[in-house]
Amino acid sequence: MKRPTLGITIISIIAVALVAGYFLIERGSRETLAGKGPQPVLIETGRPSLRDFRLSAEWIGRVESRYLVKVVALEEGRITSVDTADEAVVKKGALLFTMGGPGINNRLAYLREKVASLRQRLSIAESRAKRKREAVKQRFSSRDELEGAEDALARIQTDLSKTRHDLQLLEALIRIRAPIRGVFTRRTVTAGQDVEKGMILGYITDPAHLRIVATLFPGSAVTLQGKTAIAHTVEGRKITGKITRVLPEHSAAGGTIVWIEGSEVNHNLKTGETASGEVILETRHAALAIPQSAIVYGRDQRQYIFIKQAEGYKKQEVHTGLKSGNWLEVTSGITGNDEVVTKGAYELFYRDFNRTYRVPD
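A brief structural summary. (Residues numbered from 1 in each chain as written. Predicted model: local features only at pLDDT ≥ 70, side-chain atom pairs only at ≥ 80, totals over all residues. Heavy atoms only, no water.)

Before going further, it helps to spend a moment on helix H3 (residues 143-173). The end-to-end C-alpha distance of H3 is 45 Å, a good match for the 45 Å that 31 residues give at a rise of 1.5 Å each. Among the residues making up H3, those that are buried are Leu-146, Ala-149, Leu-153, Ile-156, Leu-160, Thr-163, Leu-167, Leu-170 and Leu-173. For H3, the secondary structure elements touched by its buried residues are helix H2 (102-137) and strand E7 (175-177). (Helix = DSSP H or I, 4+ residues; strand = E, 2+ residues; numbered from the N terminus. Expected span 1.5 Å × (residues − 1). Buried < 20%, exposed > 50% of the residue type's maximum accessible area, 1.4 Å probe, protein only. Contact = heavy atoms within 4.5 Å.)

Laid out in structure tokens, this is it:
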């Protein structure tokens, strides 16, 4: 009978020890949370600091000339020569193309022959009018005959002037020249090719006035007009510009398309280059900030911190704004004098969670 009694006694002692140990541990946890027990080694505190925050959106784009002028065929005909090399810098008025072909050549020949014929007729009409004037003075001819000779002379002079003008205009139209100073680029035709009137033959770009056509995804309800944009070069330099226009259309992926311009863009980039960077959407200076490690999230995704007080640690809900590295802007919930747990916040949070929400066994 002694052995069963001894076994029961031993089991009872073990059970009492386990229960007592559990309550001691639970009490120690509560005392630690209340500040009465020894502090966890991992917990660190600090006051909020003042930092600058910047909200930005990344973009990617391509550099193009702000002045891209089309070079078009002014007459229907054939390109007989390309007179300027591709991507060459040209002055305003430089010869780019010469046109010809059967139609243009026939018109040129007709106008030239007509000019020659009218010049002969003009010479004859001038001699006749001169003789009539002399005859009128000597009363050998009537005033009406003189007026008829002078009228015929005037008609020939008018016809010759118009024909010369038509010939000069056609000769000018078949010599296609640069409308502005710039770079001759994106040629679309070759020598010997027939073209229609108004067909685009190439472009002239102005390399001194550039813009970046950029695409970005700034989010909803964001004003982009006039915002500062920063481009990063391959050499690691930063180029600053301004958004001068927000285009109404969007990219295929739904991105917003903007123009970025400025003197630094003009001086440091070239047409056709790709570029990337960010647009500064919002800047906050000397804002109240805490490290991200101080934030804990509840079941409803609300944000909390722990503030050290004389009686222990107080859980406090906060609201945050912009982020910079590992720092978060705090918009409400704390002051600059609060001592915030910056390390070990989750240890305190889960102990508090267990104490508050523990389900009985």
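On to the pairing of strand E10 (residues 200-205). Burial of E10 is extensive: five of the six residues sit out of reach of the surface. In this sheet, E10 lies alongside strand E3 (residues 68-72) in antiparallel orientation, the contact comprising five bridges. Residue pairing in the sheet places Val-71 in a bridge with Gly-202 of E10. By the bridge criterion, three bridges tie strand E8 (residues 182-185) to E10 in an arrangement that is antiparallel. Paired with Phe-184 across the two strands is Ile-204, which belongs to E10. (Pairing = 2+ DSSP bridges.)

With that settled, the discussion passes to the packing of aromatic side chains. For any two aromatic rings, the description comes down to two numbers: the centre-to-centre distance and the angle of the planes. This structure, assessed with the given rule, holds two aromatic pairs. With 5.7 Å between their ring centres and 80° between their planes, Phe-97 and Phe-184 make a pair best called edge-to-face. Taken together, the residues span a long stretch of sequence, with Phe-97 in strand E6 (residues 95-100) and Phe-184 in strand E8 at a distance of 87 residues. The burial state of Phe-97 is the same as that of Phe-184; both residues are buried. Ring centres of Tyr-346 and Phe-349 lie 6.2 Å apart, and the angle between their planes is 90°; this geometry places the pair in the edge-to-face category. Taken as a pair, Tyr-346 and Phe-349 lie in helix H5 (residues 345-357) at a separation of three residues, close to a single helical turn. We classify Tyr-346 as partly exposed; its relative accessible area is 32%. With a relative accessible area of 9%, Phe-349 lands in the buried category. Stacked on the ring of Trp-259, the Lys or Arg Arg-211 has its end atom at 3.7 Å from the ring centre. Sitting over the ring of Tyr-304, Lys-315 keeps its end group 5.0 Å from the ring centre. (Phe/Tyr/Trp six-rings, centres within 6.5 Å; stacked < 30°, edge-to-face > 60°. Lys NZ or Arg CZ within 6 Å of the ring centre and 35° of its normal.)

A separate point is the sheet that holds strand E4 (residues 77-82). Strand order in this open sheet of four strands is E7-E6-E4-E9, and the pairing throughout is antiparallel. In the strand order of this sheet, the two ends are held by E7 and strand E9 (194-195), each with one partner. In this structure, E4 lies alongside E6, joined through four bridges in antiparallel fashion. Counted as the bridge partner of Ser-81 is Thr-98 from E6.

Positioned with a positive phi, Arg-139 is a non-glycine residue whose angle comes to about 65°. By the secondary structure assignment, Arg-139 is in the loop between H2 and H3. According to the relative accessible area criterion, Arg-139 is exposed, its value standing at 77%. Positive phi, normally seen in glycine, also occurs at Ala-286, with a value near 50°. Topologically, Ala-286 is positioned in strand E15 (residues 274-291).

Taking 1.5 Å of rise per residue, 36 residues should cover 52 Å, and H2 covers 52 Å from first to last C-alpha, within 8% of that figure. When H2 is considered as a whole, its buried residues turn out to be Ile-104, Leu-108, Leu-111, Val-115, Leu-118, Leu-122, Ala-125, Ala-129, Lys-132, Ala-135 and Val-136. At its buried positions, H2 is contacted by E4, E6 and H3.

By size, the foremost hydrophobic cluster in this structure holds 29 residues, and its most contacted members are Leu-96, Phe-97, Met-99 and Leu-201. Every element with two or more residues in this core is listed here: E6, H2, H3 and E10. Ranked by residues supplied to this core, first place goes to H2 with eight residues. Those residues in contact with Phe-97 that sit more than four places away from it in its chain are Val-71, Ile-79, Ser-81, Val-82, Asp-83, Ile-174, Arg-175, Ile-176, Phe-184, Arg-187, Val-189 and Leu-201. Membership of the second largest hydrophobic core comes to 19 residues, among which are Leu-216, Ala-229, Ala-275 and Leu-281. (Core = buried A, V, L, I, M, F, W, Y, C linked by side-chain atoms within 4.5 Å.)

Once that is clear, we can look at the pattern of salt bridges. Overall, the coordinates contain 16 salt bridges when judged by the stated rule. We note a salt bridge from Arg-211 to Glu-64, for which the minimum N-O separation is 2.8 Å. Highlighted residues: Arg-211 in strand E11 (residues 210-216) and Glu-64 in strand E2 (residues 49-65), separated in sequence by 147 residues. Residue classification places Arg-211 among the buried residues on the basis of a relative accessible area of 11%. Asp-194 is paired through a salt bridge with Arg-78; the nearest N and O atoms lie 2.7 Å apart. With Asp-194 in strand E9 and Arg-78 in strand E4, this residue pair connects regions lying 116 residues apart in the sequence. Via salt bridges that share partners, Glu-282, Arg-284 and Glu-329 belong to a single interconnected network. (Salt bridge = Lys/Arg side-chain N within 4 Å of Asp/Glu carboxyl O.)

What follows is about the pairing of strand E17 (residues 303-309). Most of E17 sits inside the fold, with five of its seven residues counted as buried. Bridging between strand E16 (residues 296-297) and E17 involves two bridges; their strand directions are antiparallel. Paired with Val-296 across the two strands is Tyr-304, which belongs to E17. Relative to strand E18 (residues 312-324), E17 runs antiparallel, the two sharing seven bridges. In the sheet register, Ile-307 faces E18, and the bridge partner there is Lys-314.

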